Amino acid sequence: MASVSYFFIAVVFIFGCCSNAQLSPNFYASTCPNLETIVRRAMTEAVIKELRIGASILRLFFHDCFVNGCDASILLDDTPTFTGEKNALPNQNSARGFEVIDTIKTRVEAACSSTVSCADILALAARDGVVLLGGPNWTVPLGRRDARTASQSDANTQIPAPFSDIATLTANFASKGLDAEDMTVLVGAHTVGYAQCANFRSHIYNDTNINPIFANFRKIGCPASGGDSNLAPFDATPVTFDNDYYKTLVGHRGLLHSDQEFFNNGPQDSLVTTYSRDNVAWRSDFAGSMVKMGNISPLTGTQGEIRRNCRFQN
Ligand code: HEM
Ligand SMILES: *[C@@H]1O[C@H](CO)[C@@H](O)[C@H](O)[C@H]1NC(C)=O
Ligand SMILES: *[C@@H]1O[C@H](CO)[C@@H](O)[C@H](O)[C@H]1NC(C)=O
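A.B. asks: How do you make sense of the overall build of the protein when you look at a structure like this?
C.D. replies: Secondary structure assignment for the protein yields 14 helices and two strands. In terms of overall dimensions, the protein is globule-like: its C-alpha atoms have a radius of gyration of 20 Å, near the 20 Å expected for 314 residues. Viewed in the frame of its principal axes, the protein has a C-alpha envelope of about 55 × 55 × 40 Å. Long-range contacts, defined as pairs at least 24 residues apart, comprise 76% of the intrachain contacts of the protein with a sequence gap of at least 6.

A.B. asks: Mind showing me how you'd approach the site of ligand 2 here?
C.D. replies: Neighbouring residues of ligand 2: R40, R127, V131, N137 and T139. Contact between ligand 2 and N137: an oxygen atom at 2.5 Å from a side-chain N or O atom of the residue. Residue classes in the shell around ligand 2 are distributed as one nonpolar, two polar and two charged.

A.B. asks: Hey, could you run me through the packing of helix 2 (residues 35-49) against helix 4 (residues 98-111) in this one?
C.D. replies: The interhelical angle for the contact between helix 2 and helix 4, taken along N-to-C directions, is 150 degrees, at an axis separation of 10 Å. By the angle between their directions, the pair helix 2 and helix 4 is classed as roughly antiparallel. Handedness of the crossing formed by helix 2 with helix 4: right-handed. Contacts between helix 2 and helix 4 pair L35, I38, V39, A42, M43, E45 and A46 from the former with V100, I104, R107, V108 and A111 from the latter. Residue composition of the contact of helix 2 with helix 4, by class: 10 nonpolar, no polar and two charged.

A.B. asks: Whenever I open this one, the coordination of the iron atom of ligand 1 confuses me. Can you help?
C.D. replies: Geometrically, a metal with four donors at the corners of a regular tetrahedron has ideal angles of 109.5 degrees, and one with six donors at the corners of a regular octahedron has ideal angles of 90 or 180 degrees. Exactly one protein atom donates to the iron atom of ligand 1; that atom is H190 (NE2), 2.1 Å from the metal. Mapping H190 onto the fold places it in the loop between helix 8 (180-186) and strand 1 (194-196).

A.B. asks: Help me understand helix 14 (residues 279-294), please; the structure alone is not making it clear to me.
C.D. replies: What sets the pattern is the α-helix's 3.6 residues per turn: residues three or four places apart point alike. Compared with the 22 Å implied by 1.5 Å per residue over 16 residues, the 22 Å span of helix 14 between its first and last C-alpha is a close match. Of the positions making up helix 14, those classed as buried are W282, F286, A287, S289, M290, M293 and G294. For helix 14, the secondary structure elements touched by its buried residues are helix 3 (53-65), helix 5 (118-132), helix 8, helix 11 (244-250) and helix 13 (269-277). Two to three positions downstream of the cap, the backbone nitrogen of V280 sits 3.3 Å from a side-chain oxygen, assigning the N-cap of helix 14 to D278.

A.B. asks: Just checking my understanding: could you explain the site of ligand 1 for this structure?
C.D. replies: Contacts to ligand 1 come from 24 residues, most closely from S56, S94, H190, Q196 and N199. Interatomic distance of 3.0 Å between a backbone N/O atom of Y194 and an oxygen atom of ligand 1. In the environment of ligand 1, an oxygen atom lies 2.7 Å from a nitrogen or oxygen atom belonging to the backbone of Q196. Elements that contribute at least two residues to the shell around ligand 1 include exactly helix 3 and strand 1. Here the element with the most residues in the shell around ligand 1 is helix 3; it accounts for four residues. A per-class count over the shell around ligand 1 returns 14 nonpolar, seven polar and three charged.

A.B. asks: Can you walk me through the pattern of salt bridges in this structure?
C.D. replies: For side chains bearing opposite charge, pairing can occur when the charged atoms are close. Considering all chains together, one arrives at 14 salt bridges under this definition. The partner of E36 in a salt bridge is R127, with the nearest N and O atoms 3.0 Å apart. You can see E36 sitting in helix 2 and its partner R127 sitting in helix 5, a full 91 residues away along the chain. With a shortest N-O distance of 2.9 Å, E50 and R96 are connected by a salt bridge. In this pair, E50 sits in the loop between helix 2 and helix 3 while R96 sits in the loop between helix 3 and helix 4, placing the two residues 46 residues apart along the sequence. Overall, the relative accessible area of 28% leaves E50 in the partly exposed class. You can call R96 partly exposed: its relative accessible area is 26%.

A.B. asks: Can you help me understand the domain arrangement of the protein in this one?
C.D. replies: Accessible area lost upon the coming together of the parts serves often as the stated size of an interface. If you check the domain split of the protein, you get domain 1 (6-159) and domain 2 (166-285). The C-alpha centroid of domain 2 is placed 24 Å from the C-alpha centroid of domain 1. With 16 residues of domain 1 in contact, the opposing surface of domain 2 contributes 15 residues. Taken as a group, R52, F66 and L133 account for 40% of the area that domain 1 buries against domain 2, more than any other trio of residues on that side. At the boundary of domain 1 and domain 2, one finds zero salt bridges. At the boundary of domain 1 and domain 2, one finds seven residue pairs in polar contact (both at pLDDT 80 or more).

A.B. asks: What is the right way to look at the nonpolar core in this model?
C.D. replies: Nonpolar side chains in soluble globular proteins tend to be buried together. With 69 residues, the main nonpolar core has L35, F61, I101, I104, F286 and M293 as its most contacted residues. With nine residues, helix 5 is the single largest residue contributor to this core. Looking at which domains feed residues into this core, each of domain 1 (6-159) and domain 2 (166-285) supplies at least three.

A.B. asks: Hey, could you run me through the confidence of the model for the protein in this one?
C.D. replies: Any region with low pLDDT has predicted coordinates that should not be read closely. Mean pLDDT over the protein stands at 94; residues scoring 70 or higher make up 93%. When mean pLDDT is compared element by element in the protein, helix 5 scores highest at 99, while helix 1 (residues 2-15) scores lowest at 40.

What counts and how
- Residues numbered from 1 in each chain as written.
- Chains lettered and ligands numbered in written order.
- Predicted model: local features only at pLDDT ≥ 70, side-chain atom pairs only at ≥ 80, totals over all residues.
- Heavy atoms only, no water.
- Helix = DSSP H or I, 4+ residues; strand = E, 2+ residues; numbered from the N terminus.
- Rg over C-alpha atoms; globule rule 2.2 N^0.38 Å.
- Contact = heavy atoms within 4.5 Å.
- Near = heavy atom within 4 Å.
- Polar contact = N/O pair within 3.5 Å; in protein donor to acceptor, adjacent residues only side chain to side chain.
- Nonpolar A, V, L, I, M, F, W, Y, C, P; charged D, E, K, R; others polar.
- Axes fitted to C-alpha atoms, helices over the stretch in contact; angles between N-to-C directions.
- Parallel < 35°, antiparallel > 145°, perpendicular 65-115°, else oblique.
- Left-handed = near helix turned anticlockwise from the far one by under 90°.
- Donors = N, O, S within 2.8 Å, 3.2 Å for Na, K, Ca; no water.
- Expected span 1.5 Å × (residues − 1).
- Buried < 20%, exposed > 50% of the residue type's maximum accessible area, 1.4 Å probe, protein only.
- Salt bridge = Lys/Arg side-chain N within 4 Å of Asp/Glu carboxyl O.
- Domains from an automatic or database assignment.
- Buried area = accessible area lost by both parts, 1.4 Å probe.
- Core = buried A, V, L, I, M, F, W, Y, C linked by side-chain atoms within 4.5 Å.
- pLDDT = per-residue confidence, 0-100.

Now the structure itself:
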């Protein structure tokens, strides 16, 4: 009896939290053989139209996975009777790229109706966005299903905040089954894209762990009051997926307070230094940690549903 329950506890411990052995790269091989081609073509068109969209879709995937798993909860629209995650603080006037996911979903439905989840489409689109901006490629395990629910309050508390310190960030990622190394690898996603003044103002005006020349330069586009939505790039090459981001951290030119926490005489300094010198190592580690992030608590089997429209439950 006792050994049976120990076995149970062991199984829950190993498989319970964050990984799911049921995801498989071949999940749609017979039911939607052109899926990856359809997604890649649509993402190629979208990135040609606007290079930043690759970054925006990558961030959507991160914000999906961190709120009760990679279940497309972030894609659900608010309605008079439903409150989703789009208007949670980290997403409101910030998360973008939903129209691209709609376009992909429409094409995928035309090719193989009611078969492919929005959660899997987002996972593939995020991967393709990275590849199109010059980043690493990886095989995406598939078979996620779509949530019928979303949680604005969980989005507010579970998505990491730009004002957090390294200990808070580390605990946040650990709660998702991602260790400190995964975290430092994944935050390198900030090699692409932009942030709004409101998210880095206090860092450039009030923090001490920042290069003062860089701080003054960023103040030009981010006044002490007003201009909240003015954009600045995370590094000098915001549409190129390279290790420049880590070089900015070593130079104390991190844009967000949270970015500079990764190089602050703290526990992540040495890995940041390594990646600032070794783009090849970072690319390879990034691919591995993205697969791990994509495994956070997926719905599988008969859980959830295959949404017909990514914005609404069926
Ligand atoms: C360490 C924890 C993290 C924090 C505190 C954080 C915070 C932020 C903030 C505040 C922005 C700017 C949003 C805006 O001003 O509108 C941003 C942008 C972005 N984040 Fe993160 N982030 C973190 C980790 C990650 C991870 C793990 C990924 C992906 C793997 C990611 C991908 C991105 C991308 C690509 C952008 C740019 C999006 C665009 O230009 O549309 N971030 N992040
Ligand atoms: C990326 O990897 C996938 C799966 O391994 C493969 O099908 C695809 O062709 C690769 N993409 C590129 C652009 O190399
Ligand atoms: C900087 O800190 C001071 C003192 O705490 C505060 O009054 C001010 O609003 C802060 N400025 C910014 C831009 O965060």
